[in-house]
Structures are given as structure tokens and as C-alpha cells.
Amino acid sequence: MRLTALDEVAAGLGLRHGQGLAEARAMYPAIDVAEEDPAADRALLEAIADWCDRYTPLVALDGSDGLFLDITGCTHLFGGEQALLDDILLRLLQMGFKVQGAISGSPGLSWAMCRFGQGGVIEDGGGEEMLASLPVACLRIGGETIAALNKLGLKQVGDLLAMPRAGLARRFGGHLLLRLDQALGHEEEPISPRRPVALLSIERKLAEAIQAEEEILELAARMALSLRASLEARGVGGRVFELVLFRVDGRVFRISAGASRPLRDPQKIAELFTERLKSVHDELDAGFGFELFRLNVLQHDPCEASQDNLLGKAEGGAPLADLIDRVSARLGEDVLQAFQLRESHIPERAIFAHPALRHEAETEGKPNPAAMTERERPLRLLARPEPVEAFAAIVPDGPPSRFRWRRVLHDVARAEGPERISPEWWLDQETAQERDYFRLEVASGHRFWVYRQGHYADDYRPTWHMHGIFA
Amino acid sequence: MAKHATAQERLFALRETIAKLEGKTPTLVAEEQPQGERMAATGKDSRRIALGVDELDAALEGGLPLDGMTEIRTCAMRNSGAGSGFVLALAALIQRQAKASALLWISDRFSNVEAGRPYPIGLAQYGLQVRHFLHALPRKLEDALWLAEAAAASDALAATILEIRGNPSAFGLSESRRLSLRAKAARRPILLLRHASEEEASSAVFRFHAEPGPAAERVLPNGTMLGGSIGSPVFRLTLEKSRNPAPLSFLLEWNSRDRQFCLARQTEPSRLSGDATAHSGTRLPASADGPDCAAALGRLMAFDRAS
């Protein structure tokens, strides 16, 4: 085992990265050793990134120990770049993290200044002289390239800047020059944010943290009220909302809720979160309270404006949509399903179940496709056809005289059929077999839908399956 | 005089409460009340839905309650088809009268696997409007009960069907009473379908026991029956819980085209039927090996391979 990270005291003792654990213990028997846990480190970094969402929605992870924040257009909210940086560093320090930060015009320069320089705010145009005195490792290039550059005596970025570019490109490839240009800001470098940017977003910062569920909901309703104007201006209503709660100690909770139709009404939006909060009740640990709230609209759809009547109430409520929203928010959107017909003769393919929340309104008015057959279909269809042991079937095309299903022997009293359904060769293999469906009534009065797959032949005995149950 | 009037008022209110507890309609009370004002006879039609069979409607005191819970049980999972069929037929009747057409079917996971999930094309042929048919599959019984309550309380559904298997301890008399009260308050029917369950104390207004009966035969255009055909489904029902002292058994046929019940006729043997099915054939199992082989000679030393 080897040392992968050291704290200040250990570094002061003269221990090094990559040193063997046994050797380090031999030197200093009293050291505390914790085994490395990359997953936990990653989770911590993600948590910090979540926390950084309060400054900007564009937060990207950088390796295992860094974060990029795109603060374009956000700084004035925090009193300027220096104030923003001080605020971040101070708060993280209070949480117990030792953090180095830098603000500059390009991600590459900030990276270099954080890890090899003093950090801080670098004015535009000052990048080149700052970089010149830093080692070449600050350019985010591979170890081999660094070694090769050092061998040639090119130890600092300033040395590189003095060299002709053509020679560097020939010798070390384009990557080195790309990194150099990115650090100097000549080349654009996008960062890849962890989360999609919300279409609309509204934020409330509280002087005093709140804990109670009712207060959270009331605040959500008030935020939704402020959001309404923006939604109306765009002529849309929100389909997926997300409530982000920043806890005092830095933990961030995200609660999202979907709606079955575009929503604008603040009360309805708040109701969605009422149910969601009840379902996530245990996971949402309020601790010492939440200090910062954000309501995001992650997805929105065009929605027709409905005019309030003189009493101030919108006319024509949609109780079914409300019920679907409530249930989906509380129990999860997969629980409640709606059905859609599809053009298929295969019984299980003719019906397509999907979350009621996503049920598109416009499909309702369509005429019934071929799936709506005149042939009788069972009330209940088994999820997958179950094997049936059939005896004394009339060859070649008749129903069985008796069959065994789920270990019970049934005597067939009456039968109707066959109804032949051919396989869909464009989906199934061309060798797929036809199904002959029979309605069977057995002696006890139960009615079943049974099919034979394939045909009797000299060397082939087709299989029988139970597919549905009639009333 | 004023005091007398107040006393009358109180007496009337008390009588009405008692009548409600007994499940009678307030109109009857008004008739019994000689001096009381006659209430508008609105109650009876809006709170009950007639099944269209006179004997049965008489036993149900006018029909199925629209503001209460009705329980349909089957004694074994294999009768789930009959139970579902009867519940859906009731739902179709309710749907025809209600202003909302949406239906919610709440299944439990086991019944969904064992009896299959509702198949909308089949439901449409059975006489239901399936444009707003919703199927819910909650993970826990508690979720299912919450969902049933929420659904009954919302104004959006014609009926809520709650499917439960057996007699789970989490659904006892108090839960049943809670659901029933919720249905009463919201004036929406809840149909409780219990598969493979025992008789149990419950708060449902009526309880039926459903079993399948032999289906009616298809009617030919000239009025005769087509022998050996499988027509409208027939249920062998027993009204187990009602105001009648004795359980009532009957065979009920559901005509999905006309969307109405009728008492099933005792099927007379038609010319074509008899024992023969539409595809008549021998009931004997197919012989696999030809005639019985001759007994082996000598002593049995070892068995042949069975497979």
C-alpha cells in the first residue's frame, strides 16, 4: 500500500506521495492512515458541486479534486468577482475544506493559477505574465510531455512562449499548443456542466433558515407566483419542476415533480410539491433548516392562456389531470398508467401502456386503429403467455379436448375458433410461427383464451399457450 | 308554539339521522312523518343505480349505491375472470350514467401477475368506454388505499375499482370503513374486488360472491340459439351481504352490446347442442404408443429409462 494523499502535518514531516505505507509507518509509527475511497471522494466532490449551484447553474467537475464554475453574468449578484471568490473560499473554509480558487478569463488559466500559483482574481490581459513564471505542468499536459520539455530545459511556460510555435507543434504535437492557447485565452474552451441548465429559474435567499414543511411549501407557492409572469411571457406552462433546497450545512436536496399538462397556476405547482414532500418525507432531513431555495422549470410546453373570470377563478378545472398529477407526484410516475392503441394485430402489441403523466392529449381524438378488432378479446391479458399442456387436440386446426394449465386439468365444454393471427415478419423473424386463437369454455364455466403456436406436422408438435381470461 | 316547532324540527332531524344510519332514503322518512314537510324526492334516483333486473333491484333496495362501497369476492383465484367481469359490468352501468367517463383500476401486484392485467380492447368490447381508462399498480397496500381514497375524493372518475387478493391484515374493518366513508362523502362509488378471499366483516353496503356460469349461446338473427357457441358471459352470483336475511343466489347474464343485465335463461338443449361441441371430437386422450405392449418375460432386473 502506498500513500496517495497527505495532510499538512504529514507533508511537514517529510512524507511523500507514492511512498510505501510500511516505510512511512517505520519513520513515524504514530501516523493515522485511512484507506482511500474514490467513490466517497467523488460523492463529496459532487456534494460540493451541488452546493456551488448557489453561485451559478454551470458547475463542472474537474478530475477528482477540482470544480469549474462558469460565473459569466453572475458576479454582480454577489458584489463583484473578488467578493464572490472570497465568499466561496470563506464558506468552504468554514466547512472544513482547504480550497484554492482563481477567477480568470479562461478555464485553463484559472486551473494553472489555482494549482501552481497564488489564485485570486486575474484581470484580462494579465494572464501571459502570470503564466510565464509557472512550471510547464500547469498547462494540463501529460507527464511524458512534461518530462520531455524539462529534458530540453523548457521548465517554465515563459520558455515555451519564447519558442517558435512551428517547432513546438512538430516536436510535441498540437495538443501542447492547444493547451497553451486555452490557458492564454486565445482558444475557447467550454466546460461541461453537470446538470442541464433550467429553462426558467427563481431563487429565494432567506435571512433565517426554515425547517417546517408548511413553510417550505408556502415559499414554493410564492416562488411559483413570481415564476408565473415569466411563463406567461413565453406563452408556456411548466411540465417538470424542480425544487432545490440548500441546507445551512451545505447539503443540497433536489425534489422534482412532473405535471400531466402545462402548469402555470402557483397553487397547482405548490400542490405538486405537497405530495412530493410527503413521499420523500424521510429522506428530506431538514437539520438546522434551509437557507436558499430555487424553483427550476426543467421542461415546459406551450400552453393556452386561460382567462380568469370576474371572481378571480379560472374556469373549467381539470380534475382528472389534477388527480394524475397528485398520484404521480406521491407514488411515482410509473404507478399510474394509461393506454394507447397501436396498429398491430398481435394482442400484446396492440396496447401500449405508458405513464399517465406523459399521456399526450392529442392522441385521444384519433380514430381507433386496426387494433380495435371485431373479434372478441379477453378482459384480462396475461403479461406473458403461459404454457399449456393440451390433450387430444383435433388435428390439424381444432381446439384441444382438455388441457392442463397451472397444474389444473380442464375439460373443454365449448370452443370457438380458430382465429389465426400471423406474425409480423417485419418485427419478428421470418421463421416466426402463426398463432391460432381459441375461446374455450371449460366444464366449470371458466372462459379462457388459448392459442396454438405453429401447425401440426410429421416431425413437429406445436406448443399451446394461455394468453387471457374472459369474463 | 315556537317551542313546539323547534322540538318538531329536532325530532325530524333525529329521524333523518336514524334513517341515514339504516340506509333508508329520506323520502321514506318524510312519508312516515305526518306533519313534516315532504322533501323533494330527489334522493332515490341519484344515489342508486338500478341493475335492470327487478328481483335483484328489489333485493338491493333500488340498486347499487353510487355513494358507497360494493364488494365483490371470489373464493379462488381461478374465478378472477368472473369477478373482474362482474365488476366491470357494474362499472359499465355506472359509467353510462355518470358525467365523467374515466375509470381507475387499482391492482395489486400479485393479482396482476396471476390473473393478467386489464386489456383495454377487451374492455371496450365488454361495453366500457376506455378513453380515460387508468390502471394503477401501487407497490404497497397502503399506497393502494391512499390512491383509492384520493380517487374517490376527486371529482374526475366515474368509478374506482380496487383489487385486493385475499384478506390481508392491513385491510381490515377500520380501513374498509374509512374507504366507505370517503366514498359516501365524495358520492362516488368504490368497487372492491377481492380475489380468493374469505367472508369478512366489512363496511361495504353489499357483498356479492361471483363464480362463472356456463355462457349463454349466441343468438342467431332468426331468434334461435347457435348451439355450441360461447355468447354473453353468465355469472353465478350470491348476494351475501344485504338487508335480506338470507343470501340470494341467481344466474346473471351480461349483454355487452346492450350494456344490460338479465337473468340467465336455463339453457334448453337446442337441436345442435347436446354433448357435442362446435368442434366435436373424442374425449379420449390421443394414443401415443399404439396398443399395449406384451408383458415382458422373466424376472424384472432393472427398470427401463423413463425418459
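What you see is a predicted model, and the numbers here were worked out from it, not measured in a lab.

> How should I be thinking about the nonpolar core in this particular structure?
Taken as a class, soluble globular proteins show a tendency for nonpolar side chains to be buried jointly. Ranked by size, the top nonpolar core spans 53 residues in total, and within it Phe86(B), Tyr126(B), Phe208(B) and Phe261(B) carry the most contacts. At 10 residues, the largest contribution of residues to this core is made by helix α5 (residues 80-97) of chain B. Sequence-distant contacts of Phe261(B), defined by excluding residues within four places in its chain, comprise Leu51(B), Val53(B), Phe86(B), Ala89(B), Leu90(B), Leu93(B), Leu252(B), Glu253(B) and Trp254(B). Ala338(A), Leu104(B), Ala136(B) and Ile190(B) belong to the second largest nonpolar core, which has 34 residues in total.

> In this structure, what is going on with the pairing of strand β12 (residues 234-241) of chain B? I would like to understand it.
As a general feature of sheets, a regular strand has side chains that alternate between the two faces. Residues and elements named next belong to chain B. Judged by how many residues are buried, β12 sits mostly within the fold: six of eight residues are covered. Sheet analysis places strand β9 (residues 206-213) next to β12, joined by seven bridges and oriented antiparallel. Bridging from a neighbouring strand, His 209 pairs with Thr 238 of β12. Direction of pairing for β12 relative to strand β13 (residues 248-255): antiparallel, over a ladder of six bridges.

> I'm lost on the packing of aromatic side chains in this one. Help?
Any aromatic ring pair is given by two values, namely how distant the centres are and how the planes are angled relative to each other. In total, this model carries 18 aromatic pairs over all chains according to the counting rule given. Judged by centre distance (6.3 Å) and plane angle (45 degrees), the ring pair of Trp111(A) and Phe116(A) falls under tilted. Trp111(A) gets classed as buried once you look at its relative accessible area, which sits at 16%. The exposure class of Phe116(A) is partly exposed, given its relative accessible area of 34%. Among the aromatic residues, ring-to-ring pairing joins Phe86(B), Tyr126(B), Phe208(B), Phe235(B), Trp254(B) and Phe261(B) into one connected group. A cation sits over an aromatic face here: Arg330(A) above Trp146(B), 4.5 Å from the ring centre. Just above the ring of Phe110(B) sits the side chain of Arg165(B); from NZ or CZ to the centre is 3.8 Å.

> Help me understand helix α11 (residues 213-234) of chain A in this model?
Residue and element names in this part refer to chain A. Over its 22 residues, α11 extends 31 Å from the first C-alpha to the last, a length consistent with the 32 Å expected when each residue adds 1.5 Å. Among the residues of α11, those classed as buried are Ile 216, Leu 217, Leu 219, Ala 220, Ala 221, Met 223, Ala 224, Leu 227 and Leu 231. Here the buried face of α11 lies against β5 (200-210), β6 (236-247), β7 (252-263), α12 (266-279) and β8 (290-302).

> Would you mind showing me how to read the pattern of salt bridges here?
Side chains carrying opposite charge are able to pair once their charged atoms draw close together. The tally for this structure, following the rule as stated, stands at 57 salt bridges over all chains. Of the charged contacts, one joins Arg330(A) and Glu275(A) as a salt bridge, the two residues approaching to 3.4 Å between their closest N and O atoms. Of this pair, Arg330(A) sits in helix α13 (residues 319-331) while Glu275(A) sits in helix α12; the two residues are 55 residues apart in sequence, bridging distant segments of the chain. Put simply, Arg380(A) and Glu163(B) hold a salt bridge, and the shortest N to O gap is 2.7 Å. With Arg380(A) in strand β11 (residues 380-391) and Glu163(B) in strand β7 (residues 157-165), this residue pair bridges two chains. Like Glu163(B), Arg380(A) is buried. A single network of salt bridges, built from pairs that share partners, joins Arg42(A), Glu46(A), Asp50(A), Asp53(A), Arg194(A), Arg195(A), Glu242(A) and Arg254(A).

> Would you mind going over the packing of α12(A) against α13(A) with me for this structure?
Angle between the axes and distance between the axes: these two values describe a pair of packed helices. All names here are of chain A. Where α12 contacts α13, the two axes come as close as 7 Å, and the packing angle between them is 30 degrees. Classified by the angle their axes make, α12 and α13 are roughly parallel. Two packed elements cross with a definite hand, and for α12 against α13 that hand is right-handed. Seen from α12, the contacting residues are Lys 268, Leu 272, Glu 275, Arg 276, Lys 278 and Ser 279; seen from α13, they are Asp 322, Asp 325, Arg 326, Ala 329 and Arg 330. Its residues assigned to classes, the contact of α12 with α13 shows two nonpolar, one polar and eight charged.

> Whenever I open this one, the interface of chain A and chain B confuses me. Can you help?
Opposite the 56 residues of chain A that make contact, chain B presents 70 residues. A per-residue breakdown of the area chain A buries against chain B is headed by Leu379(A), Arg380(A) and Arg414(A), which together make up 16% of the total. At the boundary of chain A with chain B, the tally comes to four salt bridges. For the interface between chain A and chain B, the tally reads 24 residue pairs in polar contact (both at pLDDT 80 or more). Contributions of two or more residues to the side of chain A that touches chain B are made by α13, β9 (336-341), α14 (347-350), β10 (351-355), β11, β13 (408-421) and β14 (435-442) of chain A. No other element matches α13(A), which puts eight residues into the side of chain A that touches chain B. Residue classes in the side of chain A that touches chain B are distributed as 32 nonpolar, seven polar and 17 charged. Across two bridges, β11(A) lies against strand β5 (residues 117-118) of chain B in antiparallel orientation. Paired with Leu381(A) across the bridge in β5(B) is Arg117(B).

Procedures and definitions
Residues numbered from 1 in each chain as written. Chains lettered and ligands numbered in written order. Predicted model: local features only at pLDDT ≥ 70, side-chain atom pairs only at ≥ 80, totals over all residues. Heavy atoms only, no water. Core = buried A, V, L, I, M, F, W, Y, C linked by side-chain atoms within 4.5 Å. Buried < 20%, exposed > 50% of the residue type's maximum accessible area, 1.4 Å probe, protein only. Helix = DSSP H or I, 4+ residues; strand = E, 2+ residues; numbered from the N terminus. Contact = heavy atoms within 4.5 Å. Pairing = 2+ DSSP bridges. Phe/Tyr/Trp six-rings, centres within 6.5 Å; stacked < 30°, edge-to-face > 60°. Lys NZ or Arg CZ within 6 Å of the ring centre and 35° of its normal. Expected span 1.5 Å × (residues − 1). Salt bridge = Lys/Arg side-chain N within 4 Å of Asp/Glu carboxyl O. Axes fitted to C-alpha atoms, helices over the stretch in contact; angles between N-to-C directions. Parallel < 35°, antiparallel > 145°, perpendicular 65-115°, else oblique. Left-handed = near helix turned anticlockwise from the far one by under 90°. Nonpolar A, V, L, I, M, F, W, Y, C, P; charged D, E, K, R; others polar. Buried area = accessible area lost by both parts, 1.4 Å probe. Polar contact = N/O pair within 3.5 Å; in protein donor to acceptor, adjacent residues only side chain to side chain.

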